[in-house]
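Close look at the chain arrangement
What follows is each chain in one-letter form.
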Amino acid sequence: MSRVKVAQLAQALPAVACLALIFWFSSQTYGEQTIVPLLRRHISEFRLSGMLPDISFRYGHSLLSAKQAPYQFIEFLFRKGAHVFWYALLCASLYIALRSLPRLAPRALLRLSTAAALLATAACLDEWNQARVAGRTGQPIDVLLDVVGGLLATAIVLAVARAIRSARRKSIMKEGV
């Protein structure tokens, strides 16, 4: 196998690892994933409720209330934050893997679009998988959250990387003058 092929495979490994972890997490039952027992051990419901703002909203078929069910509210935020984190990592790693395949996605915008399409496919399959696990639900809104979160985080990383490259170029130009 050529060095180029090995490098391309190496750049695809983080995306494969992210996918594997996402599907491993989505295959767990609610009981295996809940952080409510951990929260109960470390803070009383009354104290946690006092720390949270008085917000309530509907998500899927549930009403979430920070004051009435603080453990569940924190767990919801934790779970959605985890979704955004893992899908951001997946999107960035897909983008990097696609960068190693310039014939497939030669321009940055095409790489990002391809990564978004792959991300959306993974999110749909993830929700389908969750819907088949006891105590879990697959929500179409989660697909949107996963894709938007992944793209937003990747766009931020790309913007920061571009700013760093630009600053380095300017620094090198000043040194050369």
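Bear in mind that the values here come from a model prediction, so they are computed numbers and not experimental data.

**Comments concerning the packing of aromatic side chains**
- Tallying each qualifying case throughout the model produces six aromatic pairs.
- Centroid distance Phe-85 to Trp-86: 5.2 Å. Interplanar angle 80°. Geometry classified as edge-to-face.
- Taken together, the aromatic side chains of Trp-24, Phe-25, Phe-85 and Trp-86 make up a single cluster linked through ring pairs.

**Describing the confidence of the model for the chain**
- Averaged over every residue, the pLDDT of the chain is 89; residues scoring 70 or more account for 98%.
- Between the elements of the chain, mean pLDDT differs from a low of 86, seen in helix H7 (residues 140-176), to a high of 96, seen in helix H3 (residues 36-42).

**Some thoughts on the layout of surface pockets**
- Counted as a void, the largest pocket has a volume near 800 Å³.
- Those elements giving two or more residues to the lining of the largest pocket turn out to be helix H1 (3-26), helix H2 (30-33), strand E2 (62-65), helix H5 (70-99) and helix H6 (108-131).
- Take the lining of the largest pocket: its biggest share by element is ten residues, from H5.
- Roughly 360 Å³ of internal volume is contained in the second largest pocket.
- Along the walls of the second largest pocket sit 16 residues, with Tyr-95, Arg-99, Leu-158, Ala-161 and Arg-165 positioned nearest its centre.

**Focus: the pairing of E2**
- Where strand E1 (residues 56-59) meets E2, four bridges bridge the pair, whose relative direction is antiparallel. Paired with Arg-58 across the bridge in E2 is Leu-63.
- Hairpin connection from E1 to E2: two residues lie between these consecutive antiparallel strands, with Gly-60 at a positive phi of about 65°.

Cut-offs used in this document
Residues numbered from 1 in each chain as written. Predicted model: local features only at pLDDT ≥ 70, side-chain atom pairs only at ≥ 80, totals over all residues. Heavy atoms only, no water. Phe/Tyr/Trp six-rings, centres within 6.5 Å; stacked < 30°, edge-to-face > 60°. pLDDT = per-residue confidence, 0-100. Helix = DSSP H or I, 4+ residues; strand = E, 2+ residues; numbered from the N terminus. 1 Å grid on protein atoms, 1.4 Å probe; cavity = no way out; pocket = protein on both sides within 12 Å on 5 of 7 lines; lining within 4 Å. Points joined across faces, edges and corners; volume = space filled by probe spheres on them. Pairing = 2+ DSSP bridges.

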